[in-house]
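# A look at the structure
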Amino acid sequence: PSTQSQQTYIVWAPDCTDEGALARRMAVRQKHFVTANKLIKQGILKVAGGLLTPETQDAAPGNRKFVGSALLYEAENLEAVRKLVEQDVYWTETVWDKDKIVILPIIMATTLQDRAGITQPTPED
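Residues numbered from 1 in each chain as written. Predicted model: local features only at pLDDT ≥ 70, side-chain atom pairs only at ≥ 80, totals over all residues. Heavy atoms only, no water.

## Section: the overall build of the chain
Stated formally: Each helix is a run of DSSP H or I of at least 4 residues and each strand a run of E of at least 2, with the numbering of both proceeding from the N terminus. The globule rule is 2.2 Å times the number of residues to the power 0.38, and the radius of gyration it is compared with is taken over C-alpha atoms. Relative accessibility under 20% of the residue-type maximum defines a buried residue, over 50% an exposed one, and the middle range a partly exposed one, all with a 1.4 Å probe and only protein chains included. We call two residues contacting when some pair of their heavy atoms lies within 4.5 Å. All accessibility values rest on the Shrake-Rupley procedure with a 1.4 Å probe; residue burial counts only the protein chains present in the view.
What the chain contains, in helices and strands, is 3 helices and 4 strands. In the chain, the succession of helices and strands from N to C terminus is β-α-β-β-α-α-β. Its C-alpha atoms give the chain a radius of gyration of 15 Å, within 12% of the compact-globule value 14 Å for 125 residues. Principal-axis analysis of the C-alpha atoms gives the chain an extent of 50 × 30 × 30 Å. For the chain, the residues scored as buried account for 34% of the 125 residues in total. For the chain, restricting intrachain contacts to residue pairs at least 6 apart in sequence, the fraction spanning at least 24 positions comes to 76%. Total accessible area computed for the chain in this model is approximately 8000 Å², and 53% of it derives from carbon and sulfur atoms.

Below you can see the structure in the form of structure tokens.
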């Protein structure tokens, strides 16, 4: 049987905007990194990062204001990516606004590394 080729998908996951959203993000951030790092090691998660407000990009880490996440996955299909997104602790703990998440296939104009590097190591790494 032939294996289906992997496609690239971009995810824009805006954070919820209620008063407790940032606190929820920070409370589960390490758990989020553990899962992300596993997907990075498997070659599934290619690029990922938290999006900041422009006015806090140069702030000390504790003073940054997150507005969401951007992620680039390689998977067989869009549904596989949706499943990964819905298993993320930022989804299950309502950090991301579930009604506003966008997952789209992307045709890359640049190449990607075979494996992304981990910038937020956890004790599991």
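Still more to cover.
## Describing the layout of surface pockets
Filter applied, for reference: A 1.4 Å probe that fits but cannot get out identifies a cavity on a 1 Å grid over protein atoms alone, an open set with protein on both sides within 12 Å along at least five of seven lines counts as a pocket, and a residue lines either if it has an atom within 4 Å of a point. Grid points are joined across faces, edges and corners, and a volume is the space filled by probe spheres set on the points. Just so you know the grouping, Ala, Val, Leu, Ile, Met, Phe, Trp, Tyr, Cys and Pro go in nonpolar, Asp, Glu, Lys and Arg go in charged, and all remaining residues, Gly too, go in polar.
Roughly 400 Å³ of internal volume is contained in the largest pocket. Around the largest pocket sit 23 residues that line it, and F33, A48, G49, T119 and Q120 are the ones nearest its centre. Those elements giving two or more residues to the lining of the largest pocket turn out to be helix 1 (21-41), strand 2 (45-52) and strand 3 (66-75). A per-element tally of the lining of the largest pocket places helix 1 first, with 7 residues. Residues that form the lining of the largest pocket fall into these classes: 12 nonpolar, 8 polar and 3 charged.

## A few points about the packing of aromatic side chains
Where we set the bar: Aromatic rings from Phe, Tyr and Trp, with only the six-membered ring used for Trp, were paired whenever their centres fell within 6.5 Å, and each pair was classed as stacked if the ring planes differed by under 30 degrees, edge-to-face if by over 60, and tilted otherwise.
Inspection of the entire model under this criterion finds 1 aromatic pair. Here the aromatic rings of Y90 and W96 are separated by 5.6 Å at their centres, their planes lie at 85 degrees, and the arrangement is edge-to-face. For the pair Y90 and W96, a shared accessibility class is recorded, and that class is buried.

## A word on the environment of W12
Take W12: it is sitting in strand 1 (residues 7-14). On the basis of relative accessible area, W12 is assigned to the partly exposed category, the value being 36%. With residues up to four places along the chain from it excluded, the contact list for W12 reads L51, V67, G68, S69, K100, I101 and V102.

## As for the sheet that holds strand 1
Threshold: Two strands are counted as paired when DSSP detects at least two bridges linking them. Axis lines are fitted to C-alpha atoms, over the contacting stretch for helices. Their N-to-C directions set the angle, which ranges from 0 to 180 degrees.
Here 4 strands make up an open sheet; going across it, the order is 2-3-1-4 and the pairing antiparallel. Each edge of the open sheet is held by one strand with a lone partner, namely strand 2 and strand 4 (102-105). Strand-to-strand twist across the sheet, computed as the mean angle between neighbouring axes with direction ignored, equals 15 degrees.

## Concerning the nonpolar core
Using the following cut-off: We call a set of buried residues a nonpolar core when its members are Ala, Val, Leu, Ile, Met, Phe, Trp, Tyr or Cys and they connect through side-chain atoms within 4.5 Å of each other.
Of all hydrophobic cores here, the largest spans 21 residues; its most connected members are V11, Y73, V81, V85, W96 and I101. Elements with a contribution of two residues or more to this core: strand 1, helix 1, strand 3, helix 2 (78-87) and helix 3 (89-92). It is helix 1 that contributes the most residues to this core, 4 residues altogether.

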